[in-house]
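# Observations on the model geometry
Now for the letters of each chain:
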Amino acid sequence: MPINWFPGHMNSTRQAIKDRVKAGLDVVIELLDARLPGSSSNPLLAALTTGRPSLKVLNKQDLADPATTELWLQHYNSQPHTRAIALDAGDKSPARALIKACRELAPLRGDMHKPLRVLICGIPNVGKSTLINTLVGKRAAKTGDEPGITKTEQKIVLENGFYLFDTPGMLWPRIAIEQSGYHLAASGAIGRNAFDEEEVALELIAVLKRRYPQALQQRYGLAELGADDAVLEAIGVKRGAKIRGGAVQMHKAAEALLMDFRQALLGRITLETPEELTAWHREAAEAEARKAAAAEAARAAEKEKRSGRRAASSGDA
Ligand code: G4P
């Protein structure tokens, strides 16, 4: 799906993260959307903070399927130098879980002399401001800028010897995997002008049919699930998206479905599993390798053609 998702202000964010790494960084917290953990992860963040332990926070767990959240937690917790916890805005004291997990990741730091320095990042709309507001409101003190660090970086003292840094701006991932683009769009992470709602809704229907068919049938009173576009049309009929003459306005049906999904009116749903994500990455890497091999073959053929032409022209002479 072509998504026009432009990396606005990304350079300053990238620089702010580089500055933080240079000034000292012990743990990186990456906020993920628990409904699409893999797709909401940002490979650029990993590249900028290589070698630093990582805490994956599966946020908005209240919207996600608890059993699949468990699979994702196991998946991340089995990776080296990585921990994962699930959170949501209903948790009134998230600091305790965050501090505990970060201390486990960097056990040699965390006192007044060697404070634990933690960076928090996440793609837009993942709930970073909400979480930081809860942290600041309840128990943390925000302090001013540190010398040498990008002016607008915020330092939040969660407890003695524990500093949380929030960089300005956002990192916007390059959407290399098509399915991830659909999931990000369905979740509301991408501005609505950047994608075709009908296309995303059809993709969402395909996922729901595969993973949560009953939720789809119950929500819209559908006795059976036919082809994806027939399902979308039926949703339009149920939601009164008909124009005079009886035709269903498919974009209205798509909007209704996306809204229902975002508000968890279909129940708690997770769009992807760790297994699927691994397969998508493998397929993307294979496609990339095929593209590189084709380009290499084309270059070699062109070179051969040129040397053939040279040989022919020297023969003529
Ligand atoms: P950001 O800084 O990462 O961009 O995200 P932000 O905190 O602004 O949150 C984006 C939206 O997600 C907000 O809803 C917020 O209320 C909601 N949200 C954040 N955390 C959670 C959570 O754990 N569970 C659920 N269900 N929602 C969460 P909004 O509709 O954009 O705004 P509003 O309704 O709060 O005004």
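All figures in this text were calculated on a predicted structure; none of them were measured in a lab.

## Thoughts on the overall build of the protein
Check the secondary structure of the protein and you find eleven helices and seven strands. Principal axes of the C-alpha set define a box for the protein whose edges measure 75 × 75 × 35 Å. Counting over 317 residues, the protein shows a buried share of 46%. Contacts in the protein between residues at least 24 apart in sequence constitute 70% of all its contacts with a sequence separation of at least 6. As displayed, the protein offers around 16300 Å² of accessible surface, 52% of which is attributable to carbon and sulfur atoms. Seen as two clouds, the 44 positive and the 38 negative side-chain charges of the protein have centres 5 Å apart.

## Here's the deal with the layout of surface pockets
Taken as a whole, the largest pocket spans an internal volume of roughly 900 Å³. Residue lining of the largest pocket: 38 residues in total, with S41, N42, P43, L44 and H281 positioned closest to the centre. Broken down by secondary-structure element, the contributors of at least two residues to the lining of the largest pocket are β1 (27-33), α2 (43-48), β2 (54-59), α3 (66-77), α6 (178-187) and α11 (274-316). Per-element tally for the lining of the largest pocket: the top contributor is α11, with seven residues. Here the lining of the largest pocket is built from residues that sort into 18 nonpolar, 14 polar and six charged.

## Some remarks on empty space enclosed by the protein
Applying the stated criterion to the full structure yields two cavities of 30 Å³ or more. One number sums up the size of the second largest cavity: a volume of about 40 Å³. For the second largest cavity, the full set of lining residues is D33, R35, K60, I123, P124, N125, V126, S187, G188 and A189.

## A closer look at the packing of aromatic side chains
Within the structure shown, the criterion is met by two aromatic pairs. Ring geometry for Y163 and F165: centres 6.5 Å apart, planes at 90°, overall edge-to-face. The residues Y163 and F165 share a single accessibility class, namely buried. For the cation-ring pair, R20 lies above F165, with the distance from its terminal atom to the ring centre recorded as 3.5 Å. The lysine or arginine in question, K155, covers the ring of Y163, its NZ or CZ lying 4.0 Å from the ring centre.

## Here's the deal with the site of the ligand
Around the ligand there are 14 residues in total, and A89, N125, K128, S129 and T130 lie nearest to it. S129 is positioned with one of its side-chain polar atoms (N or O) 2.4 Å from an oxygen atom of the ligand. T130 has a polar side-chain atom sitting 2.5 Å from an oxygen atom of the ligand. Protein chains bury 56% of the 700 Å² of accessible surface belonging to the ligand in isolation. If one sorts the elements of the shell around the ligand by residue count, helix α5 (residues 128-138) sits on top with three residues.

## Re the nonpolar core
As a rule of thumb, soluble globular proteins bury nonpolar side chains together. Judged by nonpolar contacts, the single largest core of 59 residues is most densely connected at I29, L55, L98 and L257. Mapped onto the domain boundaries, this core takes at least three residues apiece from domain 1 (8-166) and domain 2 (196-262). Setting aside residues up to four positions removed in sequence, L98 forms contacts with I29, L55, V57, I85, L87, L131, L135 and F162.

## Let's talk about the domain arrangement of the protein
For the protein, the assigned domains read domain 1 (8-166) and domain 2 (196-262). The C-alpha-based centres of domain 1 and domain 2 are spaced at 36 Å. Considering only the surface of domain 1 that becomes buried against domain 2, R35, D65 and T68 emerge as the three largest contributors, covering 85% of it. For the interface between domain 1 and domain 2, the tally reads zero salt bridges.

## Looking at the pattern of salt bridges
Charged atoms that come close allow side chains of opposite charge to pair. Scanning all chains against the criterion turns up 18 salt bridges. Ionic pairing is found between R192 and E197, a salt bridge with its closest N-O pair at 3.7 Å. Relative accessible area serves as the criterion here: at 51%, R192 is assigned to the exposed category. Take E197: its relative accessible area is 13%, and that puts it in the buried class. A salt bridge links D260 to R239, with the shortest nitrogen-to-oxygen separation between them at 2.5 Å. In this pair, D260 is assigned in helix α10 (residues 250-262) and R239 in the loop between α9 (228-238) and α10, connecting sequence segments 21 residues apart. When its relative accessible area of 39% is taken as the criterion, R239 is described as partly exposed. A network of salt bridges, in which partner residues are shared, links D26, R109 and R117.

## Points about the packing of α9 against α10
Between α9 and α10, the shortest axis-to-axis distance is 8 Å and the interhelical angle comes to 85°. Judged by the angle between their axes, α9 and α10 are roughly perpendicular. Residue-level contacts link D229, L232, E233, I235 and G236 of α9 to M250, A253, A254 and L257 of α10.

About the thresholds
- Residues numbered from 1 in each chain as written.
- Predicted model: local features only at pLDDT ≥ 70, side-chain atom pairs only at ≥ 80, totals over all residues.
- Heavy atoms only, no water.
- Helix = DSSP H or I, 4+ residues; strand = E, 2+ residues; numbered from the N terminus.
- Buried < 20%, exposed > 50% of the residue type's maximum accessible area, 1.4 Å probe, protein only.
- Contact = heavy atoms within 4.5 Å.
- Areas by Shrake-Rupley, 256 points an atom, 1.4 Å probe, with all protein chains shown as cover.
- Lys, Arg positive; Asp, Glu negative; His and termini not counted.
- Charge placed at Lys NZ, Arg CZ, Asp CG, Glu CD.
- 1 Å grid on protein atoms, 1.4 Å probe; cavity = no way out; pocket = protein on both sides within 12 Å on 5 of 7 lines; lining within 4 Å.
- Points joined across faces, edges and corners; volume = space filled by probe spheres on them.
- Nonpolar A, V, L, I, M, F, W, Y, C, P; charged D, E, K, R; others polar.
- Phe/Tyr/Trp six-rings, centres within 6.5 Å; stacked < 30°, edge-to-face > 60°.
- Lys NZ or Arg CZ within 6 Å of the ring centre and 35° of its normal.
- Near = heavy atom within 4 Å.
- Polar contact = N/O pair within 3.5 Å; in protein donor to acceptor, adjacent residues only side chain to side chain.
- Core = buried A, V, L, I, M, F, W, Y, C linked by side-chain atoms within 4.5 Å.
- Domains from an automatic or database assignment.
- Buried area = accessible area lost by both parts, 1.4 Å probe.
- Salt bridge = Lys/Arg side-chain N within 4 Å of Asp/Glu carboxyl O.
- Axes fitted to C-alpha atoms, helices over the stretch in contact; angles between N-to-C directions.
- Parallel < 35°, antiparallel > 145°, perpendicular 65-115°, else oblique.

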